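Listed here are the chains, written in short residue letters.
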Amino acid sequence: MNTIISHTYRPYLLQYCSIVRWQRKLLATTAAALIMALSANISIPLQPVPLSLQSLAVLLLGACLGRRLAVLAMIEYLILGACGLPFFAGGNGGINALTSASAGYLYGFIVSAYIAGLAAERGYDRHFFSGLCAFALAHQMIFIFGVIYLAFYLHTDIHHALQLGYLPFAGFDLLKFFMATVIMLGLWHHSSQKRY
């Protein structure tokens, strides 16, 4: 484990692509924002918070892009959605989405992407246990922001907000960060085999 912590690794996409110039960075973050929009529109319309594939996309984009580009991608995604593009769950868009009941989850994407990207830069996504722990932590940040915001939005206590905004998603939550771990391990395993 010490060798993982002491080294800096390149995230998956940056391992194979040179994204140094601003044009390529903009292309990468815009592509990531579009992936976020697609994942948002694959959703189950639960109330007050819909279930979508966005959080899985956040983890994978963080691991592929690294913390800086992933954070920029999440900010770009929120800005484009706030401008009215149908980038949020259910094909919604507009500034109102950033003050709705589920807005806290959207803000949590930024922190989650940062943690997933940082984990990739430390090489955690190349090992099952460290990847699972890192993705679990990154994924929980979405819910921390979402539940706290939901409690303020509904003028209720955290316990009630947890019942509405976390417990219905707990099983899917576990599945998503497990899937992110397995997908990243598969990508790294496949790329290492191609070298030989």
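Owing to the predicted nature of the structure, the values given are computational and were not obtained by experimental measurement. (Residues numbered from 1 in each chain as written. Predicted model: local features only at pLDDT ≥ 70, side-chain atom pairs only at ≥ 80, totals over all residues. Heavy atoms only, no water.)

## So, the overall build of the protein chain
Here is the rule: A run of H or I in DSSP becomes a helix once it reaches four residues, and a run of E becomes a strand once it reaches two; helices and strands are each numbered from the N terminus. Radius of gyration: over C-alpha atoms. The globule rule applied is 2.2 Å multiplied by the number of residues raised to the 0.38 power. Relative accessibility thresholds used throughout: buried, under 20% of the residue-type maximum; exposed, over 50%; partly exposed, between the two (1.4 Å probe, protein chains only). It only takes one pair of heavy atoms within 4.5 Å for two residues to be counted as in contact. Note on areas: Shrake-Rupley, 1.4 Å probe, and residue coverage restricted to the protein chains presented here.
Tallying secondary structure elements over the protein chain gives nine helices and two strands in all. Helices and strands appear in the protein chain in the N-to-C order α-α-α-β-β-α-α-α-α-α-α. Relative to the 2.2 N^0.38 estimate, which gives 16 Å for 196 residues, the radius of gyration of the protein chain is 17 Å and therefore close to what a compact globule would have. Principal axes of the C-alpha set define a box for the protein chain whose edges measure 55 × 35 × 25 Å. Burial status across the protein chain gives 46% buried among its 196 residues. Contacts spanning at least 24 positions in sequence make up 71% of the contacts within the protein chain whose residues lie at least 6 apart. Accessible surface for the protein chain amounts to roughly 10,200 Å². Of this, 70% is attributable to carbon and sulfur atoms.

## Here we look at the packing of aromatic side chains
The criterion, for reference: Only Phe, Tyr and Trp rings take part, Trp by its six-membered ring, and two of them pair if their centres are within 6.5 Å. Stacked means planes under 30 degrees apart, edge-to-face means over 60, and tilted covers everything else.
All chains considered together, the criterion is met by nine aromatic pairs. Between Tyr105 and Phe143, the ring centres sit 5.9 Å apart and the planes meet at 85°, which makes this aromatic pair edge-to-face. You can see Tyr105 sitting in helix α6 (residues 103–121) and its partner Phe143 sitting in helix α7 (residues 128–154), a full 38 residues away along the chain. Judged by centre distance (6.4 Å) and plane angle (65°), the ring pair of Tyr107 and Tyr149 falls under edge-to-face. In this pair, Tyr107 is assigned in helix α6 and Tyr149 in helix α7, connecting sequence segments 42 residues apart. Tyr107 gets classed as partly exposed once you look at its relative accessible area, which sits at 30%. Connected via pairs of aromatic rings, a cluster forms that spans Tyr105, Phe143, Tyr166 and Phe169.

## Thoughts on the packing of α7 against helix α8 (residues 158–165)
Helix-helix packing: each pair is described by the crossing angle between the helix axes and the interaxial distance. The following threshold applies: Axes, fitted as lines to C-alpha atoms, cover a helix only where it is in contact. Angles between the N-to-C directions of the axes lie from 0 to 180 degrees. Helix crossings are classified by the rotation of the near helix relative to the far one: an anticlockwise turn of less than a right angle makes the crossing left-handed, while a clockwise turn makes it right-handed. Following the grouping adopted for this structure description, the nonpolar residues are Ala, Val, Leu, Ile, Met, Phe, Trp, Tyr, Cys and Pro, the charged ones are Asp, Glu, Lys and Arg, and the polar ones are all others, Gly among them.
Taken N-terminus to C-terminus, the directions of α7 and α8 make an angle of 120°; their axes are 9 Å apart at the nearest point. In this structure, the crossing between α7 and α8 has a hand that is right-handed. Along the contact surface, α7 presents Phe143, Val147, Ile148, Leu150, Ala151 and Leu154, while α8 presents Ile158, Ala161, Leu162, Leu164 and Gly165. Residue composition of the contact of α7 with α8, by class: 10 nonpolar, one polar and no charged.

## Some words on the pattern of salt bridges
Which entries qualify depends on this criterion: Put simply, a salt bridge is a Lys or Arg side-chain nitrogen that is within 4 Å of an Asp or Glu carboxyl oxygen.
What the rule picks out here adds up to one salt bridge. Residue Arg67 pairs with Glu121 through a salt bridge whose shortest N-O separation is 2.7 Å. Of this pair, Arg67 sits in helix α5 (residues 67–82) while Glu121 sits in helix α6, and the two are 54 residues apart along the sequence. We classify Arg67 as partly exposed; its relative accessible area is 21%.

## Topic: the side chain of Glu76
Heads up, the condition is: In this tally Asp and Glu are treated as negative and Lys and Arg as positive; neither His nor the chain ends contributes.
With respect to the element layout, Glu76 can be found in helix α5. Of the side chains with opposite charge, Lys25 comes closest to the buried, unpaired Glu76, at an N-O distance of 12 Å. With near-sequence residues (within four places) excluded, Glu76 lies in contact with Leu26, Thr29, Thr30 and Ala33.

## What about the confidence of the model for the protein chain?
This is how the line gets drawn: pLDDT is a residue-level measure of predictor confidence that goes from 0 to 100.
Of all residues in the protein chain, 90% attain a pLDDT of 70 or more, and the chain-wide mean is 88. Taken together, the stretch residues 1–6 has pLDDT below 50 and engages in 10 contacts with residues farther than four places along the chain or on a different chain.

## Observations regarding the environment of Tyr105
Let me state the cut-off plainly: Side-chain atoms alone can form a polar contact between residues adjacent in sequence; in general such a contact is a pair of N or O atoms within 3.5 Å, and within protein one must be able to donate a hydrogen while the other accepts it.
Residue Tyr105 is classed as buried on the basis of its relative accessible area of 6%. For the pair Tyr105 and His139, spaced 34 residues apart in sequence, the C-alpha separation works out to 10 Å. Of the polar contacts made by the side chain of Tyr105, one reaches the backbone oxygen of Gly165; its length is 2.6 Å.

## So, the nonpolar core
The test is simple: The criterion is simple. A nonpolar core is a set of buried Ala, Val, Leu, Ile, Met, Phe, Trp, Tyr and Cys residues joined through side-chain atoms within 4.5 Å.
Within the largest apolar cluster, 35 residues are counted, with the highest numbers of intra-cluster contacts made by Met36, Leu65, Met74, Tyr77, Phe88, Leu106 and Phe109. It is α5 that contributes the most residues to this core, seven residues altogether. Membership of the second largest hydrophobic core comes to 18 residues, among which are Tyr12, Leu56, Ala116 and Phe177.

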